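# Coordinate analysis (summary)
Okay, here's what each chain looks like letter by letter:
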Amino acid sequence: MKDTHKPALGELRRRQLASSSTRYASGLSALTTDEPDPNAFARAIAAEAAIVDAGFALLFFSQSLVDAAALAQALKVHAPSLAYAGCSTAGEITPQGLEEGHALALLLPSASFSTVSTMVENLSSSGMDGITGKVVELRRLLRGRAGRERAKSVFALCFIDGLSYAEEAVTSAIHWGLDDIPLIGGSAGDDLKFETTSLISNGKVTSDSAIIVLVATEIPFHVFKTDNFIPTDEKLVVTASDPDHRIVREFNATNAAEEYAASVGIVPQTLTPLSFASHPVVVKVGGEYYCRSIQRMHPDGSLSFFCAIDDGVVLSIAQPKNMVEATRAALEDVEHRLGGIDMILGFDCVLRRLDARNRQVHREISELYQTNKVIGFGTYGEQYRSMHLNQTFTGIAFGERQAAE
């Protein structure tokens, strides 16, 4: 795979701000920084947007580095005409690999991408029919903006508050309005604090919200997902739960933490996010297994989940397989399908990152992402077509412009 990095104007100056700029053959351009100065980052975005004639920017940022409202204000001052959408993270994926405490922007040039977006606020009180209606309206708007040829090739992105307890319903409602347009996305994180996530869109800064982005492009693309677990015969049946808050109190009529710990061979008192990442549980839906990841343990031994849960759900303890090999195989398949990868926009569950650390393959996964030019963020959940997932890497890979001509 050839390196398409081209230094942008002023890159050397920006490196002193611990920032970098990477341009790709498709025209996409990525900016990253670990400098806690929203104005400097917004100025860099504005300068790069002018050079590549960007019509839209995707922004992903650690709240420990930059405040969402401050970033939105800086963009209003320095890049007032640039449309954008994005969210806070639980880790970032930059051109240098897996990082933490960074902010990144992916600029979409108008020459190759037509983009429309909307924000859905107050998810906890929103009707799902209204979300489907917004998607239908967005599709109409995109058709008017993109032109007939470009409008034939469309994908959808969504970013959802990862603490909203609403991802399943929202993902399903978006998918319902898309027909055959592929949907991919990630749930906003807050660096594993589990307090408040932020979504930003064209000056608005909110929580309890979702952002839907539709993109039309002549650049070839492929949507994919990969995970690294195999179900075992060990079963956990949810016998007492609080579905509204995704809390399980009992498995198999026994305290949830005690029964889970016994099933995976761990002492309950030592359960941590690392334990949950290394010993996932899965549910069978339509013949396929999907992860239902545990977020944390409460003092009473109940367990909070990242995904919807209810009484009667049968979970299987999963046996992890080699994450590096599974990820490499998925990326090789994508490269084969596209005839080469220009770059990948990726959404990677924060539990995969924790598990990679625990198994001492963090560096190998980071290098794999770097080699395959992945940009994106660590999530509290992933969206893929109609499903909300956990402990999964979902992505949209772009091929080279020449392949589209």
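What counts, and where the lines are drawn
- The residue numbering used here restarts from 1 in each chain and proceeds along that chain's sequence as written.
- Local features are withheld for residues below a pLDDT of 70 in this predicted model, meaning they are given only at 70 or higher, and side-chain atom pairs are given and counted only at 80 or more; totals for whole chains, interfaces and linings count all residues.
- To get the side-chain values, all heavy atoms of the structure are used, and hydrogens and water are removed first.
- Note on conventions: DSSP H or I runs of at least 4 residues are helices, E runs of at least 2 residues are strands, and numbering of each starts at the N terminus.
- This radius of gyration counts C-alpha atoms alone. The globule rule is 2.2 Å times how many residues there are, raised to the power 0.38.
- Exposure classes here rest on a 1.4 Å probe applied to the protein chains alone. A residue is buried below 20% of its type maximum, exposed above 50%, and partly exposed in between.
- Should any heavy atoms of two residues lie within 4.5 Å, those residues are counted as being in contact.
- UniProt positions are given in the numbering used here, feature names are shortened, and annotations may be inferred rather than shown by experiment.
- Note on terminology: a nonpolar core comprises buried Ala, Val, Leu, Ile, Met, Phe, Trp, Tyr and Cys residues joined through side-chain atoms within 4.5 Å.
- DSSP calls a pair of strands paired once it identifies at least 2 bridges connecting them.
- We call Phe, Tyr and Trp rings a pair once their centres come within 6.5 Å, taking the six-membered ring for Trp, and we label the pair stacked below 30 degrees between planes, edge-to-face above 60, and tilted otherwise.
- Counting as a charge over the ring demands two things of the Lys NZ or Arg CZ atom: a distance within 6 Å of the ring centre and an angle within 35 degrees of the ring normal.
- Looking down the strands as they point away from you, a crossover is right-handed if its path from the first strand over the helix to the second goes clockwise.

## With respect to the overall build of the protein
Helices and strands together make up the secondary structure of the protein, namely 11 helices and 27 strands. For the protein, the C-alpha radius of gyration of 21 Å lies close to 22 Å, the compact-globule estimate for 405 residues. Considering only C-alpha atoms, the protein reaches an extent of 60 × 45 × 40 Å along its principal axes. When the 405 residues of the protein are sorted by exposure, 60% land in the buried category. Taking the intrachain contacts of the protein between residues at least 6 apart in sequence as the baseline, contacts between residues at least 24 apart amount to 79%.

## Details of the UniProt feature "domain: FIST C-domain" (unreviewed entry) in the protein
If you check UniProt for "domain: FIST C-domain" (unreviewed entry), the listed places come out as residues 256-386 in our numbering. Measuring from the first to the last C-alpha atom of residues 256-386 gives 29 Å, for a span that is 38% helix and 30% strand.

## Remarks on the nonpolar core
If you look at the biggest cluster of nonpolar residues, it comprises 55 residues, and the most contacted ones within it are F159, F251 and Y260. Beyond its immediate sequence surroundings of up to four residues, Y260 is in contact with L236, F251, L271, S275, F276, H279, V281, I294, L303 and I317. Among the nonpolar cores identified, the runner-up in size contains 26 residues, and L31, A68, L71 and Y84 belong to it.

## Some remarks on the pairing of strand 1 (residues 19-23)
For strand 1, the buried fraction is high: five of the five residues fall into the buried class. Judged by which residues are buried, strand 1 turns out to be covered on both faces: S19, S21 and R23 on one side and S20 and T22 on the other are all buried. Sheet topology note: the strand 1/strand 2 (residues 29-33) ladder contains five bridges and is antiparallel. Bridging across to strand 2, S19 finds its partner in T33.

## Focus: the packing of aromatic side chains
Applying the stated criterion across every chain, the model contains 16 aromatic pairs. Centroid distance F113 to F398: 5.9 Å. Interplanar angle 85°. Geometry classified as edge-to-face. Taken together, the residues span a long stretch of sequence, with F113 in strand 8 (residues 113-120) and F398 in strand 27 (residues 393-398) at a distance of 285 residues. We note that F113, like F398, is buried. For the ring pair F159 and F377, a centre distance of 6.4 Å and an interplane angle of 55° mean the geometry is tilted. Highlighted residues: F159 in strand 9 (residues 154-161) and F377 in strand 24 (residues 374-379), separated in sequence by 218 residues. This pair shows no difference in class: F159 is buried, exactly as F377 is. The ring of Y384 has K225 lying over it, and the distance from NZ or CZ to the ring centre is 6.0 Å.

## Focus: the pairing of strand 4 (residues 83-88)
Burial analysis of strand 4 places five of its six residues in the buried class, the great majority of the element. Across six bridges, the pairing between strand 3 (residues 54-61) and strand 4 is parallel. Residue pairing in the sheet places F60 in a bridge with C87 of strand 4. Handedness of the crossover joining strand 3 and strand 4 through helix 3 (residues 68-78): right-handed. Bridge count for strand 4 against strand 11 (residues 199-201) is three bridges, and the pairing is antiparallel. Looking at the pairing, A85 lines up with S201 of strand 11.

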